[in-house]
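What follows is the residue order along each chain.
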Amino acid sequence: MKQNVTAKGAGILVLLSDLASAFHESNGEFQRAAILPLLRKGLMSTTLALAFMFGDPAHHITNAPSACAHAAPIEMTFANGPVRLDDPLRSFPGLDLRHPQYLGSGGGGAVFAYDRAETTAARSPSTGRSTGSGPTSGRARDQAAVVKVSWVRSAASVSRECTVLDYMETHHITGVERCRGQVPYPLDNRRLMIAMEPVMDGDSVASISEIDERLRPKAVQYIIRTLVQMLSSGVVTTDVQPLISKATGEVLFIDMTEAKIVFTSGDVIPFVDLALAQSFVSEMIGLIPTDSPDELIRVANLQLIQELQNIHEPSGADKMTNLQQQQRQLLELLPAA
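Calculation notes
Residues numbered from 1 in each chain as written. Predicted model: local features only at pLDDT ≥ 70, side-chain atom pairs only at ≥ 80, totals over all residues. Heavy atoms only, no water. Pairing = 2+ DSSP bridges. Helix = DSSP H or I, 4+ residues; strand = E, 2+ residues; numbered from the N terminus. Axes fitted to C-alpha atoms, helices over the stretch in contact; angles between N-to-C directions. Core = buried A, V, L, I, M, F, W, Y, C linked by side-chain atoms within 4.5 Å. Buried < 20%, exposed > 50% of the residue type's maximum accessible area, 1.4 Å probe, protein only. Disulfide = S-S within 2.5 Å. Expected span 1.5 Å × (residues − 1). Contact = heavy atoms within 4.5 Å. Phe/Tyr/Trp six-rings, centres within 6.5 Å; stacked < 30°, edge-to-face > 60°. Lys NZ or Arg CZ within 6 Å of the ring centre and 35° of its normal. Salt bridge = Lys/Arg side-chain N within 4 Å of Asp/Glu carboxyl O.

Undergrad: Break down the sheet that holds strand 10 (residues 188–197) for me, with residues and values.
TA: Across a sheet, strands are paired by hydrogen bonds formed along the backbone, either parallel or antiparallel in direction. Across the sheet, which stays open at both edges, the 5 strands sit in the order 5-6-8-10-9 with antiparallel pairing between neighbours. For this open sheet the edge positions go to strand 5 (96–105) and strand 9 (178–185), each flanked by a neighbour on one side alone. Across the sheet, the mean angle from the axis of one strand to that of its neighbour is 25 degrees, orientation sign disregarded. Direction of pairing for strand 6 (residues 109–117) relative to strand 8 (residues 144–150): antiparallel, over a ladder of 7 bridges. Within strand 8, the residue paired with Y114 across the bridge is A145.

Undergrad: So what's going on with unusual backbone geometry? Residues and values would help.
TA: Cis rather than trans, the peptide bond between D87 and P88 has omega equal to 5 degrees. By the secondary structure assignment, P88 is in the loop between strand 4 (81–85) and strand 5. A cis geometry characterises the amide bond from E197 onward to P198, with omega recorded as 0 degrees. A positive phi angle, near 55 degrees, is found at D255, a position not held by glycine.

Undergrad: Explain the pairing of strand 3 (residues 74–78) to me, and be specific about the residues and the numbers.
TA: Summarising the sheet, strand 3 and strand 4 pair through 5 bridges and their orientation is antiparallel. By the bridge assignment, F78 is partnered in strand 4 with G81. With antiparallel pairing between neighbouring strands as the criterion, strand 3 and strand 4 make up a hairpin whose turn holds 2 residues.

Undergrad: Mind laying out the nonpolar core, listing which residues take part and the relevant values?
TA: Within the largest apolar cluster, 59 residues are counted, with the highest numbers of intra-cluster contacts made by M168 and F253. The leading source of residues in this core is helix 5 (residues 216–232), at 9 residues. Judged by nonpolar contacts, the second largest core, of 19 residues, contains F78, L85, F92 and F112.

Undergrad: Can you break down the state of the cysteines residue by residue, with the values?
TA: Evaluated as defined, the whole model comprises 1 disulfide. Covalent S-S linkage joins C162 and C179, the inter-sulfur distance amounting to 2.0 Å. Taking the torsion about the sulfur-sulfur bond, which here is approximately -90 degrees, the covalent link between C162 and C179 counts as left-handed. Separated by 17 residues along the polypeptide, C162 in helix 4 (residues 155–170) and C179 in strand 9 bring together distant segments of the chain.

Undergrad: Summarise helix 4; cite the residues concerned and give the values.
TA: Compared with an ideal rise of 1.5 Å per residue, which puts 16 residues at 22 Å, helix 4 spans 23 Å between its outermost C-alpha atoms and is within 8% of the ideal. The complete set of buried residues in helix 4 reads A155, S157, V158, E161, C162, V164, L165, Y167, M168 and E169. The elements touched by buried residues of helix 4 are strand 8, strand 9, strand 10, helix 5, strand 13 (235–236) and strand 16 (260–261). Positive backbone phi, approximately 60 degrees, marks H172, located one or two places after helix 4.

Undergrad: Account for the side chain of T226, naming residues and giving values.
TA: Within the secondary structure, T226 is located in helix 5. Contact partners of T226, with chain neighbours within four places excluded, come to T174, G175, V176, F253 and M284.

Undergrad: Explain the packing of aromatic side chains to me, and be specific about the residues and the numbers.
TA: Working definition: an aromatic ring pair is given by the centre-to-centre distance plus the angle between the planes. The final tally for this structure, using the stated rule, is 3 aromatic pairs. Taken together, the ring pairs in this structure connect F78, Y102, F112 and W151 into an aromatic cluster. Of note, R225 hangs over the ring of Y222, and the distance from its end group to the ring centre comes to 5.7 Å.

Undergrad: Let's hear about the pattern of salt bridges: which residues, and what values?
TA: Per the counting criterion, the structure on display carries 15 salt bridges. Among the ionic pairs, D86 bridges to R84, the shortest N-O distance being 2.7 Å. With a relative accessible area of 35%, D86 lands in the partly exposed category. One salt bridge in this structure joins R298 and E295, with 2.8 Å as the shortest N-O distance. Residue R298 and its partner E295 are located together in helix 7 (residues 294–312), separated by 3 residues, close to a single helical turn. For E295, a relative accessible area of 44% gives the class partly exposed. A cluster of three or more residues bridged by salt bridges with shared partners is formed by R116, R178, R180 and E197.

Undergrad: Just give me the short version of helix 5, but keep the residues and values in it.
TA: Taking 1.5 Å of rise per residue, the 17 residues of helix 5 would be expected to cover 24 Å, and the 24 Å separating its terminal C-alpha atoms lies within 8% of that figure. Of all 17 residues in helix 5, 12 are buried, a share of seventy percent or more. The set of residues buried in helix 5 consists of A219, V220, Y222, I223, I224, T226, L227, V228, Q229, M230, L231 and S232. G234, located one to two residues past helix 5, shows a positive phi value of around 80 degrees.

Undergrad: Describe the sheet that holds strand 15 (residues 251–253), and please don't skip the residues or the numbers.
TA: Ordered by their spatial adjacency, 3 strands build an open sheet running 12-14-15, and the pairing between neighbours is antiparallel. Looking at strand neighbours, the two that pair on one side only are strand 12 (204–205) and strand 15, the edges of this open sheet. Alignment of strand 14 (residues 242–245) against strand 15, held across 3 bridges, turns out to be antiparallel. For L243, the partnering residue across the bridge sits in strand 15 and is L252. Helix-sheet contacts for helix 5 involve strand 14 and strand 15, and the interaxial angle to strand 15 is about 35 degrees.

Now the structure itself:
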């Protein structure tokens, strides 16, 4: 079915053919097929082989705060350097952050949650966009922010993380954090701080298997939606890190230190980026348990169909005309009946 494909182009076919070949068009309507098993069979993760190429290893943030909230500057010492943050913290324009709580640390830096006091500074339309979540317990809420303080050696990768998050916000990708700004770390200008939102309230886990069975279909929908939105916008990452709310099933993907925009310039997507994209798809699909019941697989298939239809939907903003050339090339690989 697919001929005259170059060696590099073949990598894209490996990435999307399984995702697309389960579809065919009939009278303008996509038909359902068993997509998820094809993806599981056809994709092989290359995360470990690629991780060293893309900066510092990503840290895993758990959203369980420490027992006490600090009413004074918080000071901590790590192997990669000390961290001192004010309370309130007003380093980021338009943000008044209070009551820091330590969340975790890793290769990218140390991470803290802050409550956010509303300021009179007007929010831009882009940063004012919500992920569709409210302040309800167990959901991602915008009344708080995460502050990541980089190490000296990770400053560049943390800065890129903010850039990629800004790009994803511009492309209306849901289920991921938004960067509210980056500023130098006051005590060492070789380091920097970024502020992100939302923060997941309540108890969260990293596996669908750990939430109530009744919430698993909703979590699968969130995962598939973010996967297709990121892929169609040319953003991929390694070491996928979801926070899944045990109360609602909502999924928030955090720690995009390793994220990369692969569709930026040129006519050919480098082979290493194709391999990274393939690994990304494999990781995201792998979040759906292999022993899932048929009903959960059906939910995943239907959600994938819906997201693909949304990409091709001509009404509204005519998304096809706004996609970059490489993205259009990917979407054009979808086979016709």
